[in-house]
Amino acid sequence: QVQLVESGGGLVQAGGSLRLSCAASGVIFRIETMGWYRQAPGKQRELVATITRAGDTKYADSVKDRTTISRDNAKNTVFLQMNNLKPEDTAVYYCYVLVINRSVLTYWGQGTQVTVSS
């Protein structure tokens, strides 16, 4: 089993910054992809950003100029630095990892709330 612990969410004013962290632990041979999704009330869950083990990144168009995803492979941790936050960034942010053990499985974090006030 793999456990994900997220941190860094909270309430911030528009224009502010937040850094989300997600640490994976448990039985892990290798984590290939790590990333963040978000879900706002009444909306579907959407991709925010992903990063492969090699460091290749992908961003949603809505955040790509304000966001940086990074990871520490030694600590199985992924980070999401978000700057110039906007009220429309308000959502629950979910970390996910693609783990390679004997099989390939995806795990999700419990979610962390990000609220941006105008």
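Note: the structure precedes this text.
What counts, and where the lines are drawn
- Residues numbered from 1 in each chain as written.
- Predicted model: local features only at pLDDT ≥ 70, side-chain atom pairs only at ≥ 80, totals over all residues.
- Heavy atoms only, no water.
- Salt bridge = Lys/Arg side-chain N within 4 Å of Asp/Glu carboxyl O.
- Helix = DSSP H or I, 4+ residues; strand = E, 2+ residues; numbered from the N terminus.
- Buried < 20%, exposed > 50% of the residue type's maximum accessible area, 1.4 Å probe, protein only.
- Pairing = 2+ DSSP bridges.
- Phe/Tyr/Trp six-rings, centres within 6.5 Å; stacked < 30°, edge-to-face > 60°.
- Lys NZ or Arg CZ within 6 Å of the ring centre and 35° of its normal.
- Contact = heavy atoms within 4.5 Å.
- Polar contact = N/O pair within 3.5 Å; in protein donor to acceptor, adjacent residues only side chain to side chain.
- Axes fitted to C-alpha atoms, helices over the stretch in contact; angles between N-to-C directions.

K.L.:
How should I be thinking about the pattern of salt bridges in this particular structure?
P.N.:
Counted under the stated rule, the structure contains 5 salt bridges. For the salt bridge of lysine 64 with aspartate 61, the shortest nitrogen-to-oxygen distance reads 3.5 Å. For the salt bridge of arginine 66 with aspartate 89, the shortest nitrogen-to-oxygen distance reads 2.8 Å. You can see arginine 66 sitting in the loop between strand S6 (57-59) and strand S7 (67-72) and its partner aspartate 89 sitting in the loop between strand S8 (77-82) and strand S9 (91-100), a full 23 residues away along the chain. Bridged by salt links that share partners, the residues Arg38, Glu46, Arg66 and Asp89 form one connected network.

K.L.:
Help me out: how do you make sense of the pairing of strand S1 (residues 2-7) in this one?
P.N.:
Working note: regular strand, side chains alternate between the two faces of the sheet. Residues Val2, Leu4 and Glu6 point to one face of S1 and are all buried, whereas Gln3, Val5 and Ser7, pointing to the other face, are not buried. The sheet contact formed by S1 and strand S3 (residues 18-26) spans 6 bridges and is antiparallel. Paired with valine 2 across the strands is glycine 26, a residue of S3.

K.L.:
What am I meant to see in the packing of aromatic side chains here?
P.N.:
By convention here, two paired aromatic rings are described through the distance between centres and the angle between planes. Going through the model one piece at a time under the given rule, you end up with 3 aromatic pairs. Each ring, one from tyrosine 37 and one from tyrosine 96, has its centre 5.5 Å from the other, and the planes form 80°; the classification is edge-to-face. Placement of the pair is tyrosine 37 in strand S4 (residues 30-39) and tyrosine 96 in strand S9, with a sequence separation of 59 residues. For the pair tyrosine 37 and tryptophan 108, a centre-to-centre distance of 5.3 Å together with 70° between the ring planes defines the contact as edge-to-face. Separated by 71 residues along the polypeptide, tyrosine 37 in strand S4 and tryptophan 108 in strand S10 (residues 104-108) bring together distant segments of the chain. An aromatic cluster is present here, built from Tyr37, Tyr96 and Trp108 joined pairwise through their rings. If you follow arginine 45 out to its NZ or CZ, it ends over the ring of tryptophan 108, 4.8 Å from the centre.

K.L.:
Just to check I follow, could you spell out the environment of glutamine 113 for this structure?
P.N.:
When you line up the elements, glutamine 113 lands in strand S11 (residues 112-117). Judged by its relative accessible area of 38%, glutamine 113 is partly exposed. Residues glutamine 113 and serine 25 lie 88 residues apart in sequence; the distance between their C-alpha atoms is 21 Å. Apart from residues lying up to four places away in sequence, glutamine 113 is in contact with Gly9, Gly10, Thr90, Ala91 and Val92. Among the polar contacts made by the side chain of glutamine 113, one reaches the main-chain carbonyl oxygen of alanine 91 at a distance of 3.4 Å. Side chain to side chain, glutamine 113 and threonine 115 meet in a polar contact 3.3 Å long.

K.L.:
Before we go on, may I ask you to explain the sheet that holds S7 in this structure?
P.N.:
The strands making up a sheet associate through hydrogen bonds between their backbones, and the pairing can be parallel or antiparallel. Strands sit in the order S1-S3-S8-S7 across an open sheet of 4 strands; the sheet is antiparallel. Looking at which strands have only one partner, the edges of the open sheet turn out to be S1 and S7. Taking the axes of each pair of neighbouring strands and ignoring which way they run, one obtains an average angle of 15° across the sheet. In terms of strand pairing, S3 meets S8 through 6 bridges, oriented antiparallel. Paired with alanine 23 across the strands is threonine 77, a residue of S8.

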